[in-house]
Amino acid sequence: MSDAEDWKPGQDTQAVATARQLGQDPDKIHCPAWGVIGNLGDSICYAGVPAKVEAIQAELGRRVVDADLPVRVIAPNFAGGISDGQRNGTPQMRYSLIGRETTNDGVCLHLEGSDVRGVIAVVACDKPPVGTLAAILERNVPAVIMSDGSIRPGIDSRTGERIDIISCFQAAAEPAAERRRVALEASPGHGSCGGMFTYNTMQSFIATCGMEPLHMVGPASEDPRRVEEFPAQLVDALQLLAERRIRPRDIVTPAAMRNATLVAIAMGGSTNVVLHAPELARAAGVDYWRDVITQEEFNRMSRMLPVLVNARPFGRYSMVDIDAKGGLPVIVRELLAAGLLDGTCMTCTGETLAEQVARLRPVAPDGDVIHPLSAPFKPTGGLRLLRGNLAPDGGAVIKLAGVEGGMDNGRFVGRARVFDSEQALIEALATTPEEFQDRHMVVIRYEGPRGAPGMPEMLDPTSRITALCRRRGITIALMTDARFSGGSVGLVVGHISPEAALGGPIALIEDGDAIVVDTNRDTLECTELNDTATAAARRARWQADADRHGGTHPLVRPADTRLLRRMRAGALPPLQGGGLSGAVPG
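Worth saying up front: this structure is predicted, and the values here are computed from it rather than measured.

Q: Describe in detail helix α2 (residues 49-66), supporting the description with residues and values.
A: Between its first and last C-alpha atoms α2 spans 26 Å; for 18 residues at 1.5 Å apiece the expected length is 26 Å, and the two agree. Along α2, the residues classified as buried are Val 49, Lys 52, Val 53, Ala 55, Ile 56, Gln 57, Glu 59, Leu 60, Gly 61, Arg 63 and Val 64. At the C-terminal side of α2, Asp 68 shows a positive phi close to 50°.

Right, dumping it as structure tokens:
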């Protein structure tokens, strides 16, 4: 109860009114504040979040009263981003990664400005979960996360096959009636994208890191457990963390992040994990590529670790199918049993990772949806980092689990077709698809963190190229200084840095250049740029064009809004997370 001397009517009268509104004891307004937060946005991904937040808020309120906890409950708060699915291929997609940063801003504003001392977060879609956790790590008070859950796949009325948002993007060249039918059938209900795309990659990462109970990743957004069972478990976890004074940075350690990285590789996860993991590490006070894993070690583990899940976009199933076969705990136990993970890492349940898995008692891999290490779905891990004269510091990322052909003994040689924007490529694919030939290496540039700005996903063009290649039985590769959706498949290389807008080598490629991707040596090279005189002449022309345009190359599009200008001025390179933390002094 409040001491009479603590009362300051000017500050306290609104707190009293809020406590009454929430059914809480006004005499607890000077106790530490606990709260529930959620992600919201213009997408079906977020539609289930308010119900979960409401259920957790009710459970938290009951617990504070029933157990007479020395805590005051404050009203829920929401921060979020845009709809990645609806905005792919449009200028608005530049705001997707920016949404990770503004979610961090919004959650930071709430946690710091309202002096929140304990938090439960419900997260959805791709970027807001990462921004939410980054802000939580920066605040570093007891916290636990729950994913809102995936959408269930749709059913194609003609074939009976399961379809999803990726099926829709790959149908972009179909007749109008077919495009409409697929769009109407592919997304029943609500929830975030259901395959092993970025959402489920990062939820699996966050849970393996220890910030989300492992069994809460897999169930669909519409699963009743998310409002009937999980709220009490989340409040239990928050109580325990507060009692034991376990904070997020005690959980998200270098060892925990290494565990999460290896799980992402073994699940064939999205290339975005190598963008988001360094940002989460930064927020935890860790240097990802020094303290967690080096690029060389990342590639070594990717060669050693197989892919264990038969999941979309490179396989057949969705996260709800993985959940039906035991979910993430099955995969984590498989890797723990092989000695590949550190089971001593602390988690948000108050147990070590090994203890949490043992309590959950996951079943053995079924061999179809989830495969054992002894008989994996794919023999090597899903991701690889490349370096070479196009990526001198490394960090160019390829998702080998999604490659559908074109490699000759781990090597691809193609001829460059250069596009100075995503929209230019989309127009060419829509109007002159016959001009794209086998062994073309499509180059999309000036779409990086500062160039776009915002480093948009290339799901629209990669999906069109995938459909074109499947129809014609050819291989068209793609490389970019932008990034990919977790739903992209094909021979695609992203995160190339330095980016074109900063005069990186990708800006010097010309049509017809030979581009070599070698996954035996983990290299990405432009043969012509190995000639010193050629490289110097091209660089001089690029710099002269930039100088005549006030220092910014004329192919760099204007940044005409506050957020775009902020991203252009301060975005970090992809290897450092591609975000705005570098723009903040200190």
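Q: Could you give an account of the nonpolar core, with specific residues and numbers?
A: Ile 136, Phe 205, Met 211, Met 257, Leu 280, Ile 322 and Val 332 are the most contacted members of the largest nonpolar core, which has 102 residues in total. Looking at this core element by element, the count peaks at 7 residues for helix α12 (residues 254-266). Ignoring any residue separated from it by four or fewer positions in sequence, one finds Phe 205 in contact with Met 257, Ala 260, Thr 261, Val 273, Ala 277 and Leu 280. Within the second largest apolar cluster, 33 residues are counted, among which are Leu 400, Phe 412, Ala 416 and Ile 506.

Q: Give me the pairing of strand β11 (residues 440-444): which residues, what numbers.
A: In terms of residue burial, β11 counts as a mostly covered element, since 5 of its 5 residues are buried. Both faces of β11 are covered, namely the face carrying His 440, Val 442 and Ile 444 and the face carrying Met 441 and Val 443. Pairing geometry for strand β10 (residues 411-419) and β11, over 5 bridges, is parallel. Bridge pairing in β11 links Phe 419 to Ile 444. Here β11 runs beside strand β12 (residues 476-480); their pairing, made up of 5 bridges, is parallel.

Q: Please set out the pairing of strand β5 (residues 143-147) residue by residue, giving values where relevant.
A: Within β5, 5 of the 5 residues are buried, which leaves it mostly tucked inside the rest of the structure. Of the pairings in the sheet, the one linking strand β4 (residues 116-123) to β5 comprises 5 bridges and is parallel in character. Considered in β5, the bridge of Val 122 is made with Met 146. The handedness of the β4 to β5 crossover, carried by helix α5 (residues 127-139), is right-handed.

Q: Now, about the pattern of salt bridges: what can you tell me, with residues and values included?
A: This model, assessed by the stated rule, comprises 44 salt bridges. Across the pair Asp 148 and Lys 52 runs a salt bridge, and its minimum N-O distance is 2.9 Å. Within this pair, whereas Asp 148 is found in the loop between β5 and β6 (154-155), its partner Lys 52 is found in helix α2, the two being separated by 96 residues in sequence. This pair shows no difference in class: Asp 148 is buried, exactly as Lys 52 is. Note that Arg 139 and Glu 112 form a salt bridge whose closest N and O atoms lie 3.0 Å from each other.

Q: Outline the packing of aromatic side chains, listing residues and values.
A: With the rule as written, the count across this model stands at 4 aromatic pairs. Ring centres 6.2 Å apart and planes at 65° place the aromatic pair Trp 289 and Phe 298 in the edge-to-face group. Here the aromatic rings of Phe 314 and Phe 377 are separated by 6.3 Å at their centres, their planes lie at 35°, and the arrangement is tilted. Of this pair, Phe 314 sits in the loop between α15 (295-304) and α16 (319-324) while Phe 377 sits in the loop between α18 (353-360) and β8 (383-388), and the two are 63 residues apart along the sequence. Accessibility expressed as a relative area gives 13% for Phe 314, which makes it buried. Chaining the aromatic ring pairs together yields one cluster made of Tyr 288, Trp 289 and Phe 298. The ring of Phe 436 has Arg 417 sitting right over it, with the charged end atom 4.4 Å from the ring centre.

Q: Can you tell me about the packing of helix α4 (residues 95-113) against helix α22 (residues 562-570), naming the residues and giving the values?
A: Between α4 and α22, whose axes approach to 11 Å, the crossing angle comes to 95°. With respect to α22, the axis of α4 lies roughly perpendicular. Where α4 abuts α22, its residues Tyr 95, Leu 97, Ile 98, Thr 102 and Asp 105 lie against Leu 563, Leu 564, Arg 566 and Met 567.

Q: Can you explain the environment of Leu 563? Please cite residues and give values.
A: Within the secondary structure layout, Leu 563 lies in helix α22. With 469 residues separating them along the chain, Leu 563 and Arg 94 place their C-alpha atoms 9.9 Å apart. For Leu 563, the contacting residues outside a window of four places in its chain are Tyr 95, Ile 98 and Thr 102.

Q: Which residues make up the packing of helix α19 (residues 422-431) against helix α20 (residues 459-472), and what are the values?
A: Where α19 contacts α20, the axes come no closer than 10 Å and their chain directions differ by 30°. As the angle between them shows, α19 and α20 are arranged roughly parallel. Seen from above, α19 lies across α20 with left-handed handedness. Contact residues: Glu 422, Leu 425, Ile 426, Leu 429 and Ala 430 in α19; Asp 460, Pro 461, Arg 464, Ile 465 and Leu 468 in α20. When its residues are assigned to classes, the contact of α19 with α20 shows 7 nonpolar, no polar and 3 charged.

Q: Break down the side chain of Glu 499 for me, with residues and values.
A: Checked against the element boundaries, Glu 499 lands in the loop between β13 (492-494) and β14 (514-518). Salt bridges are absent for the buried Glu 499, whose nearest opposite-charge side chain, Arg 450, sits at 5.6 Å. In terms of polar contacts, Glu 499 uses its side chain to reach the backbone amide nitrogen of Arg 450, at 3.0 Å. Each residue touching Glu 499, except ones within four places of it in the same chain, is listed here: Gly 448, Pro 449, Arg 450, Gly 451, Asp 481, Gly 504 and Ile 506.

Q: I'd like a description of the environment of Pro 362, backed by residues and values.
A: Its location among the elements puts Pro 362 in the loop between α18 and β8. Spatially, the C-alpha atom of Pro 362 lies 35 Å from that of Val 492, the residues being 130 residues apart in sequence. Dropping the residues within four chain positions of it, Pro 362 is found in contact with Pro 329, Val 330, Arg 333 and Val 357.

The rules we used
Residues numbered from 1 in each chain as written. Predicted model: local features only at pLDDT ≥ 70, side-chain atom pairs only at ≥ 80, totals over all residues. Heavy atoms only, no water. Helix = DSSP H or I, 4+ residues; strand = E, 2+ residues; numbered from the N terminus. Expected span 1.5 Å × (residues − 1). Buried < 20%, exposed > 50% of the residue type's maximum accessible area, 1.4 Å probe, protein only. Core = buried A, V, L, I, M, F, W, Y, C linked by side-chain atoms within 4.5 Å. Contact = heavy atoms within 4.5 Å. Pairing = 2+ DSSP bridges. Right-handed = clockwise from strand over helix to strand, strands pointing away. Salt bridge = Lys/Arg side-chain N within 4 Å of Asp/Glu carboxyl O. Phe/Tyr/Trp six-rings, centres within 6.5 Å; stacked < 30°, edge-to-face > 60°. Lys NZ or Arg CZ within 6 Å of the ring centre and 35° of its normal. Axes fitted to C-alpha atoms, helices over the stretch in contact; angles between N-to-C directions. Parallel < 35°, antiparallel > 145°, perpendicular 65-115°, else oblique. Left-handed = near helix turned anticlockwise from the far one by under 90°. Nonpolar A, V, L, I, M, F, W, Y, C, P; charged D, E, K, R; others polar. Lys, Arg positive; Asp, Glu negative; His and termini not counted. Polar contact = N/O pair within 3.5 Å; in protein donor to acceptor, adjacent residues only side chain to side chain.

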